[in-house]
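One letter stands for each residue in the lines below.
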Number of protein chains: 2
Amino acid sequence: MPYRSSDKTRQKKDAKRTAMMQAAVRVFAEKGYHAATIRDIVAAAGVAIGTFYFYFPDKETLFVHLYEETADFLLQAIRQAISSRATLPQQIAAGLQAYVNIAVFEPAVIQLLLVGGVGAVPSLTVKQHEFREKLVQIWQRPLQNADTLIAPQNTQRTAEALVGGFDEVVLGLLRHPEAGSQAGTAVQELTRFALRAVGYTGS
Amino acid sequence: MPYRSSDKTRQKKDAKRTAMMQAAVRVFAEKGYHAATIRDIVAAAGVAIGTFYFYFPDKETLFVHLYEETADFLLQAIRQAISSRATLPQQIAAGLQAYVNIAVFEPAVIQLLLVGGVGAVPSLTVKQHEFREKLVQIWQRPLQNADTLIAPQNTQRTAEALVGGFDEVVLGLLRHPEAGSQAGTAVQELTRFALRAVGYTGS
C-alpha cells in the first residue's frame, strides 16, 4: 500500500477490488484468457482503468490472484461440507453436492479452475499443482478416517482418481443445457461410484 | 493440393509433414501454444518455412490437425489394447497399460491433449469434447459387455468418472521425476480401483 488509508477508504477499495475480481471471472470465462483485455474487465466491473493498475501491475498478476482466491473458495466449500458430516457416505455426498452446486450456479468458477487459460499462463502451473494437491488431500482425509471400513489401498492414489473422476463428470454436466436438473442424479451416481471405488463395507 | 504429384514426390512431402507434426508436438509441449512460433516448428523439423505454408495456412490450423491426429493415435492404442483381451480385469489393465506407456514414453502427447493450449485455441473446444466422448465410449464398451458381472449402474457416467480418474493419476505421475518406475504400480492400483468402482463380481 502506498499510503495508510482510513478504514472507510479501505472498505471502498476492497469493494472495487472485489468488483474487478468478480467481473474478471466472467470475462475470462466468456472470452478466454488471451482474448480478454484489462479494458473488458474494468468495463464489466464499472471502475476506471486507473483503479485496475492501483491493484495489479498487469493482467497475468490479476489472473494468478483470481485463480488462487477462486481455488481457495472451492476448496473451503468442499472441506466444510465434508467436515459437517459423520459417516463416509454422508461425507462423500455432501462434498460432491457442494462441488456440483458451485459448478451449476457459478460455472465460471469451474471454467477458470479447470479449463480456461491455465495452459496459457506459465506462471500458474505451480499454483495449479498446489490446488490439485489440496483437493486430493481434502478427499483423502475421510478415506483415512474410515480406513477400517474400506478396502486396503493407496488412499492418495484413490483420492487422485476420485478427484479426476468428479471433475470429468462435472465438466460433462456443464456442457449440457439441463445441467441443473441432472445435478442431483449425478451426485447420487458419483457417490455410489466413489463408495464402490474405495470398497466401502459400512452401512 | 495445388497440383497432382507423383507417388515419390508425395512420399517426400508426407515425410516433411510428419517431421513438422512431430516437431510441433515437442515445441508446443515445451513452449506452450502461444509462445511457440512457426519459426520454432520449422527449425525443429529442419524444413524451410515455405514448407510449413504449403501444408498449413497458420499455426492454429496446424495445432487443430495435430490435436486430432494425436487424439486418434491415443484412442486407437487404448482401443486395440482393450479389444486384445477377453475379461474385464484384463481389458482394464491392458487399456491402462497402453495409456500409461504413451504418457511415460511420449509425455508431449499427453501435454498436448490434456494440458497445453487447449483453452487457448477456441476452435478446438468441439474437437476436445469429441475426443473426451470417444474416450468415454472406449471405456464404456467393456463395461457394457460385462454387464452381468458388474453392479447395476449408469455405465456412461462410470466411464466418464474412470476416464477423468485415469487422467488425473497419469498427470500426477508425469509431474514426478521417477514416472517410469512408478508406472507399473499405478496401472495395478488403477486397475483395482476401476474393478471396485464398477462393482466387478467376476474372478
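Residues numbered from 1 in each chain as written. Chains lettered and ligands numbered in written order. Predicted model: local features only at pLDDT ≥ 70, side-chain atom pairs only at ≥ 80, totals over all residues.

### Brief notes about the overall build of chain A
Here's step 1: Scanning chain A from terminus to terminus reveals nine helices and zero strands.
Here's step 2: Along its sequence from the N terminus, chain A presents helices and strands in the succession α-α-α-α-α-α-α-α-α.
Here's step 3: Residue burial in chain A is summarised as follows: out of 203 residues, 41% are buried.
Here's step 4: Taking contacts inside chain A between residues at least 6 apart in sequence as the whole, the part at least 24 apart equals 66%. (Helix = DSSP H or I, 4+ residues; strand = E, 2+ residues; numbered from the N terminus. Buried ≥ 20, exposed ≤ 12 C-beta atoms within 10 Å, placed from the backbone. Contact = placed C-beta atoms within 7 Å.)

### With respect to the nonpolar core
Here's step 1: Core analysis: the biggest nonpolar cluster contains 120 residues, and L190 of chain A together with L190 of chain B have the highest contact counts within it.
Here's step 2: Excluding residues that lie within four positions of it along the chain, L190 of chain B makes contacts with A161 of chain A together with L96, F166 and V169 of chain B. (Core = buried A, V, L, I, M, F, W, Y, C linked by C-beta atoms within 7 Å.)

### Brief notes about the environment of W139 of chain B
Residue and element names in this part refer to chain B.
Here's step 1: Here W139 lies in helix α7 (residues 125-145).
Here's step 2: Residue W139 is classed as buried on the basis of its C-beta count, with 25 C-beta atoms lying within 10 Å.
Here's step 3: As for W139 and V163, which are separated by 24 residues in sequence, their C-alpha atoms are 7.5 Å apart.
Here's step 4: Discounting chain neighbours no more than four positions away, the residues touching W139 are A159, L162 and V163.

### Structural notes on helix α5 (residues 88-105) of chain B
Residues spaced three or four apart along an α-helix point in a common direction, a consequence of the helix completing one turn every 3.6 residues.
Here's step 1: The first and last C-alpha atoms of α5 of chain B sit 26 Å apart over 18 residues, in line with the 26 Å expected at 1.5 Å per residue.
Here's step 2: Considered for burial, the residues of α5 of chain B that qualify are L88, Q91, I92, A93, A94, G95, L96, A98, Y99, V100 and A103 of chain B. (Expected span 1.5 Å × (residues − 1).)

### Regarding the packing of helix α5 (residues 88-105) of chain A against helix α8 (residues 155-175) of chain A
Residue and element names in this part refer to chain A.
Here's step 1: Packing of α5 against α8 leaves a shortest axis separation of 10 Å and a crossing angle of 35°. Between α5 and α8 lies a crossing of right-handed hand. The residues of α8 that touch α5, namely those facing L96, Y99, V100 and A103, are F166, V170, L173 and L174.
Here's step 2: Within the contact of α5 with α8, the residues separate by chemical class into eight nonpolar, no polar and no charged. (Axes fitted to C-alpha atoms, helices over the stretch in contact; angles between N-to-C directions. Left-handed = near helix turned anticlockwise from the far one by under 90°. Nonpolar A, V, L, I, M, F, W, Y, C, P; charged D, E, K, R; others polar.)

### Side note on the domain arrangement of chain A
Residue and element names in this part refer to chain A.
Here's step 1: According to the domain assignment, chain A contains domain 1 (7-56) and domain 2 (58-198).
Here's step 2: If you average the C-alpha positions of domain 1 and of domain 2, the two centres end up 26 Å apart.
Here's step 3: Contact residues are listed per partner, giving eleven residues for domain 1 and 16 residues for domain 2.
Here's step 4: When residues in the side of domain 1 that touches domain 2 are grouped by element, the largest group, six residues, is from helix α1 (residues 7-31).
Here's step 5: The residue makeup of the side of domain 1 that touches domain 2, split by class, is eight nonpolar, two polar and one charged. (Domains from an automatic or database assignment.)

### With respect to the packing of helix α4 (residues 59-83) of chain A against helix α7 (residues 125-145) of chain A
A pair of packed helices is captured by two measures, namely the crossing angle of their axes and the spacing between those axes.
Residue and element names in this part refer to chain A.
Here's step 1: Put simply, α4 and α7 touch, their axes get as near as 11 Å, and they point 0° apart. When the axis of α4 is compared with that of α7, the two are roughly parallel. Between α4 and α7, the residues in contact are V64, Y67, E68, A71, L75, I78, R79 and I82 and K127, F131, K134, L135, I138 and P142, respectively.
Here's step 2: For the contact of α4 with α7, the per-class residue count stands at ten nonpolar, no polar and four charged. (Parallel < 35°, antiparallel > 145°, perpendicular 65-115°, else oblique.)

### Focus: α7 of chain B
Here's step 1: Given a rise of 1.5 Å per residue, 21 residues ought to cover 30 Å, and the 31 Å separating the end C-alpha atoms of α7 of chain B matches this to within 8%.
Here's step 2: Inspection of α7 of chain B places F131, R132, L135, V136, I138, W139, P142 and L143 of chain B among the buried residues, and these make up the whole buried set.

### Points about the environment of Q90 of chain B
Here's step 1: Relative to the elements of secondary structure, Q90 of chain B occurs in helix α5.
Here's step 2: Measuring from C-alpha to C-alpha, the distance between Q90 of chain B and T191 of chain B comes to 8.9 Å, with 101 residues separating the pair along the chain.

### Some thoughts on the environment of G172 of chain B
All names here are of chain B.
Here's step 1: Relative to the helices and strands, G172 is located in helix α8 (residues 155-175).
Here's step 2: G172 sits in the buried class, given 22 other C-beta atoms within 10 Å.
Here's step 3: Residues G172 and A23 lie 149 residues apart in sequence; the distance between their C-alpha atoms is 25 Å.

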